[in-house]
Amino acid sequence: MTFFLVVLLVALAFEYINGFHDAANAIATVVSTKVLSPRQAIVLAAICNLAGAFIGTQVAKTVGKGLVDTGAVTMITVLAALLGAILWNLLTWWLGLPSSSSHALVGGLCGAALATAHGQWSVLKWSLVDAKGGHDGLWPKVVLPMLTSPMLGFVIGMILMLLLYLAFRSATPRFVNLLFGKLQLVSAAGMGLSHGSNDAQKTMGIITLAMFTATQSHAFDRLPAWLGFLRTPTFAEIPVWVILACALTMAAGTAAGGWRIIRTMGHKMVRLQPVNGFAAETTAGLVILGASHYGIPLSTTHNISAAIMGVGATKRLSAVKWGVVERIVWAWVLTLPVTGLTGYAIVRLLQLAGAT
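Residues numbered from 1 in each chain as written. Predicted model: local features only at pLDDT ≥ 70, side-chain atom pairs only at ≥ 80, totals over all residues. Heavy atoms only, no water.

Draft legend 1. View of a nonpolar patch on the surface. A contiguous nonpolar surface patch, about 510 Å² in accessible area, is contributed by Trp126, Trp139, Leu144, Leu147 and Met151. Relative to the elements of secondary structure, Leu147 occurs in helix H7 (residues 138-167). Taking relative accessible area as the criterion, Leu147 reaches 44% and is therefore assigned partly exposed. (Patch = residues over 30% accessible without salt bridge, like charges linked within 9 Å, V, L, I, M, F, W, Y side chains within 5 Å. Areas by Shrake-Rupley, 256 points an atom, 1.4 Å probe, with all protein chains shown as cover. Salt bridge = Lys/Arg side-chain N within 4 Å of Asp/Glu carboxyl O. Helix = DSSP H or I, 4+ residues; strand = E, 2+ residues; numbered from the N terminus. Buried < 20%, exposed > 50% of the residue type's maximum accessible area, 1.4 Å probe, protein only.)

Encoded structure:
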């Protein structure tokens, strides 16, 4: 029970860090276009992240039971996965790089599960078809979306921006700025909602996986009656208290802000006007909500970054500061292998220390 509480606290710490690390996803553009002040933008993002966390649980189920064999998972596995993701998030936050918290957690979980299974690669669910004919596993739910969703965000962002240019080509700059200054409030709220619908759910899945693991290992057998709600004999649904705890924690983390990453996305990568911010946020929000519906733990960071690039490229390719983009891409590429190795190493160290 004590070890479960440690894992729970670490999971909520990850969710809090995820909130301030990824706050830039929802508010960088609306701050950089000066539609809202930083304080106003953070309040809007926190509220929308909170609301978005209650939109379905498909992503939570994917992370909790759709990527690795739950029978090979221990509490050490879950703890190592979370620690690997936290270390990577803090490093990239300190460097001001908008990396993916989603992929950090997935990478940490896969590496930790592989170490727990003593190198048996079969513990990783690469690709499979469930009873309803749906596709699950790392390839359809993580790797393929990791490759295609940024391209989708780039292309849709570029097309939407070109359509807006055509539609308002005769309008005065003052009218366009006033109109999209108001519309960007809606798109920023939608971005915050989509972020909550996807990112908050990953930690829900991890906490539920920890409860399922503790129940299966009989760690909860002697729980007092008032803690009976922790027992999770089957991984069927995400408990309401887990949803609420993760939603509130992410909202609190978002309220703390993430100014290093906001400067990279909102200022260093490309200069944005309200119409550009609206196009980028609308594009990313729609892609992420679609992914949440299908249970795909998408990188919200990848999508808003790619959408900003696509929108910026409609001005001219040189408008995008490709040197900054190169640093971001390296962070994207390295996230899964680095967190996987970190999760693996933490489990092995704990095994050597006799903690398993």
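Continuing now.
Draft legend 2. Spotlight on empty space enclosed by the protein. The final tally for this structure, using the stated rule, is one cavity of 30 Å³ or more. Reported here for the largest cavity is a volume of approximately 30 Å³. Residue lining of the largest cavity: His103, Lys141, Val142, Pro145, Met146, Ser149, Ile296, Pro297, Leu298 and Ser299, and that is the complete set. A per-element tally of the lining of the largest cavity places H7 first, with five residues. (1 Å grid on protein atoms, 1.4 Å probe; cavity = no way out; pocket = protein on both sides within 12 Å on 5 of 7 lines; lining within 4 Å. Points joined across faces, edges and corners; volume = space filled by probe spheres on them.)

Draft legend 3. Examining the state of the cysteines more closely. As enumerated under the stated definition, the model contains zero disulfides in all. Just so you know, Cys48 is unpaired, no disulfide at all, and the nearest cysteine sulfur is the one on Cys246, 18 Å from it. Assessed through its relative accessible area of 10%, Cys48 is described here as buried. (Disulfide = S-S within 2.5 Å.)

Draft legend 4. How the structure looks around the pattern of salt bridges. Enumeration over the complete set of coordinates arrives at three salt bridges. With a closest N to O distance of 2.8 Å, Asp136 and Lys141 form a salt bridge. Lys141 shares its class with Asp136; the two are buried. Residue Lys202 pairs with Asp199 through a salt bridge whose shortest N-O separation is 2.8 Å. Here the residue Lys202 and the residue Asp199 both occupy positions in helix H8 (residues 173-216), the gap between them amounting to three residues, near one helical turn. The buried category is assigned to Lys202, whose relative accessible area is 2%.

Draft legend 5. Spatial organisation of the environment of Met146. Among the secondary structure elements, Met146 is positioned in helix H7. For the pair Met146 and Val333, spaced 187 residues apart in the sequence, the C-alpha separation amounts to 9.7 Å. Residue contacts for Met146: discarding those within four places in its chain leaves His103, His302 and Leu336. (Contact = heavy atoms within 4.5 Å.)

Draft legend 6. Focus on the nonpolar core. By size, the foremost hydrophobic cluster in this structure holds 61 residues, and its most contacted members are Phe4, Val68, Val78, Leu82 and Met204. Going through the elements one at a time, helix H1 (2-21), helix H4 (58-65), helix H5 (75-95), helix H6 (101-116), H7, H8, helix H9 (240-256) and helix H13 (322-352) are the ones with two or more residues in this core. A total of ten residues in this core trace back to one element, the largest contributor, which is H5. Of all hydrophobic cores here, the second largest spans 20 residues; its members include Met161, Ala279, Ala280 and Val311. (Core = buried A, V, L, I, M, F, W, Y, C linked by side-chain atoms within 4.5 Å.)

Draft legend 7. Structural view of the environment of Leu334. Here Leu334 shows up in helix H13. Distance in space between the C-alpha atoms of Leu334 and Ala104 is 9.5 Å, their sequence separation being 230 residues.

Draft legend 8. Quick look at the environment of Ile238. Within the secondary structure layout, Ile238 lies in the loop between H8 and H9. Overall, the relative accessible area of 7% leaves Ile238 in the buried class. Expressed as a C-alpha distance, the spacing of Ile238 and Val155, which sit 83 residues apart in the sequence, is 35 Å. Once you skip the residues sitting within four places of it in the chain, Ile238 turns out to touch Thr57, Ala60, Met204, Thr208 and Ile243.

Draft legend 9. Summary view of the side chain of Thr215. As for its position among the elements, Thr215 is in helix H8. Within polar-contact distance, the side chain of Thr215 engages the backbone nitrogen of Thr232 at 2.8 Å. In this structure Thr215 touches Phe220, Leu230, Arg231, Thr232 and Pro233, once residues within four positions along its chain are discounted. (Polar contact = N/O pair within 3.5 Å; in protein donor to acceptor, adjacent residues only side chain to side chain.)

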